[in-house]
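# Chains, contacts and geometry: an overview
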Amino acid sequence: MNNQTQFTLVLGGGGMKGVAHVGVLQALTERGLVPSQIVGSSVGALVGAAWSAGKSIAELREIAVDLVRKDIFAVAHADMAFKRMRSPALFRREPLDTLLHRLVGDVTFQDLRNRLIVNTVDLNSGMQVFWGLDGLDEVPVKDAVFASCALPGYLLPARSVGGSTWTAPRWTTCRWARRESSAQM
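Note that the structure is predicted; figures quoted are calculated from it, not measured.

Within the chain one finds seven helices and eight strands. For the chain, with 185 residues in total, the buried portion stands at 45%. In the form shown here, the chain has an accessible surface area of approximately 10,100 Å², with 54% of it arising from carbon and sulfur atoms.

Turning our eyes to something else, we now look at the nonpolar core. Phe109, Leu116, Val118 and Val145 are the most contacted members of the largest nonpolar core, which totals 35 residues. Those elements that place two or more of their residues in this core are strand S1 (8-11), helix H1 (21-30), helix H2 (43-52), helix H3 (57-66), helix H5 (94-104), strand S4 (115-122), strand S5 (128-131) and helix H6 (141-149). Setting aside anything within four residues of it in sequence, one finds Val145 in contact with Ala45, Leu46, Ala49, Leu100 and Val118.

As a further point, take the confidence of the model for the chain. On average, residues of the chain score 75 in pLDDT, and 68% of them are at 70 or above. Ranking the helices and strands of the chain by mean pLDDT puts strand S2 (residues 37-40) first, with 94, and helix H7 (residues 174-184) last, with 40. In the predicted structure, residues 170-185 sits below a pLDDT of 50 and forms 25 contacts with residues beyond four places in sequence or in another chain.

Moving on: the side chain of Asn114. By the secondary structure assignment, Asn114 is in the loop between H5 and S4. Among the polar contacts listed, one links the side chain of Asn114 to the side chain of Arg113, at a separation of 2.8 Å. Setting aside residues no more than four positions away along its own chain, Asn114 makes contact with Val34, Pro35, Trp51 and Ser52.

With that settled, consider the pairing of S5. The pairing of S4 with S5 spans four bridges and is classified as antiparallel. Following the sheet pairing, Asn119 is matched in S5 by Phe130. Taking the residues between adjacent antiparallel strands as the criterion, S4 and S5 are bridged by five residues, where Gly126 takes a positive phi near 80 degrees.

Right, let's get into H1. Listed as buried for H1 are His21, Val22, Leu25 and Leu28. Looking straight down H1, one finds that the buried residues subtend no more than 130 degrees of arc, so they occupy a single side. Packing partners of the buried residues in H1 comprise S1, S2, H2 and H3. Just beyond H1, the residue with positive phi is Gly32, at close to 80 degrees.

Going through the model one piece at a time under the given rule, you end up with zero aromatic pairs. The ring of Trp51 has Arg113 lying over it, and the distance from NZ or CZ to the ring centre is 4.9 Å.

A few words on the packing of H2 against H6. Their axes nearest at 8 Å, the elements H2 and H6 cross at an angle of 160 degrees. Relative to H6, H2 is oriented roughly antiparallel. The crossing of H2 and H6 is left-handed. Contacts from Val43, Ala45, Leu46 and Ala49 in H2 reach Val141, Val145, Ser148 and Cys149 in H6. Across the contact of H2 with H6, the residue classes tally to seven nonpolar, one polar and no charged.

Further remarks concern the packing of H1 against H3. Interaxial distance between H1 and H3 falls to 10 Å at its minimum, and their mutual angle equals 155 degrees. As summarised for this structure, H1 and H3 are arranged roughly antiparallel, according to the angle between their axes. Where H1 crosses over H3, the two elements pack in a sense that is left-handed. Across the interface between the two elements, Val22, Leu25, Gln26 and Thr29 from H1 touch Ile57, Leu60 and Arg61 from H3. Split into classes, the residues belonging to the contact of H1 with H3 amount to four nonpolar, two polar and one charged.

Cut-offs applied
- Residues numbered from 1 in each chain as written.
- Predicted model: local features only at pLDDT ≥ 70, side-chain atom pairs only at ≥ 80, totals over all residues.
- Heavy atoms only, no water.
- Helix = DSSP H or I, 4+ residues; strand = E, 2+ residues; numbered from the N terminus.
- Buried < 20%, exposed > 50% of the residue type's maximum accessible area, 1.4 Å probe, protein only.
- Areas by Shrake-Rupley, 256 points an atom, 1.4 Å probe, with all protein chains shown as cover.
- Core = buried A, V, L, I, M, F, W, Y, C linked by side-chain atoms within 4.5 Å.
- Contact = heavy atoms within 4.5 Å.
- pLDDT = per-residue confidence, 0-100.
- Polar contact = N/O pair within 3.5 Å; in protein donor to acceptor, adjacent residues only side chain to side chain.
- Pairing = 2+ DSSP bridges.
- Arc of directions from axis to C-beta.
- Phe/Tyr/Trp six-rings, centres within 6.5 Å; stacked < 30°, edge-to-face > 60°.
- Lys NZ or Arg CZ within 6 Å of the ring centre and 35° of its normal.
- Axes fitted to C-alpha atoms, helices over the stretch in contact; angles between N-to-C directions.
- Parallel < 35°, antiparallel > 145°, perpendicular 65-115°, else oblique.
- Left-handed = near helix turned anticlockwise from the far one by under 90°.
- Nonpolar A, V, L, I, M, F, W, Y, C, P; charged D, E, K, R; others polar.

This is how it looks when you write it as structure tokens:
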């Protein structure tokens, strides 16, 4: 591949194993191949957001190596003890919120160094929502990434524009990326 060729990098989910996306970014950038945009879902959105916000590969690698489960998942003991079956989620949102703030801060999609598209689903309509596209780029990146990482019952979905509830998609972002790439040609 020519170093001048524009391409979209699609990073999917995979839980803690998804930090392997850092290695993909490292391998590409070492060869002079820099994606013109990243489309991410769940942990792929998290890694793509951190890199697009300006974190270096070395910083991302260090964070990934040091990352432990409690940095993302903390059981919501109080909710489960007091609310029992009415507990909104198994895990608390604060650890992931803290990690996202550390990785991307309060930037919007318009502030990013590289274009990022984050795939989520509107739980009210069941429709996919691609944050970062025109008209959906003035929201904080960390909120869209959190929504993409959320899983109802496990990690409470995020509230966003218009009071709708957004969460991680159940299907891949590849279909959209192929359509977008062919439209650029």
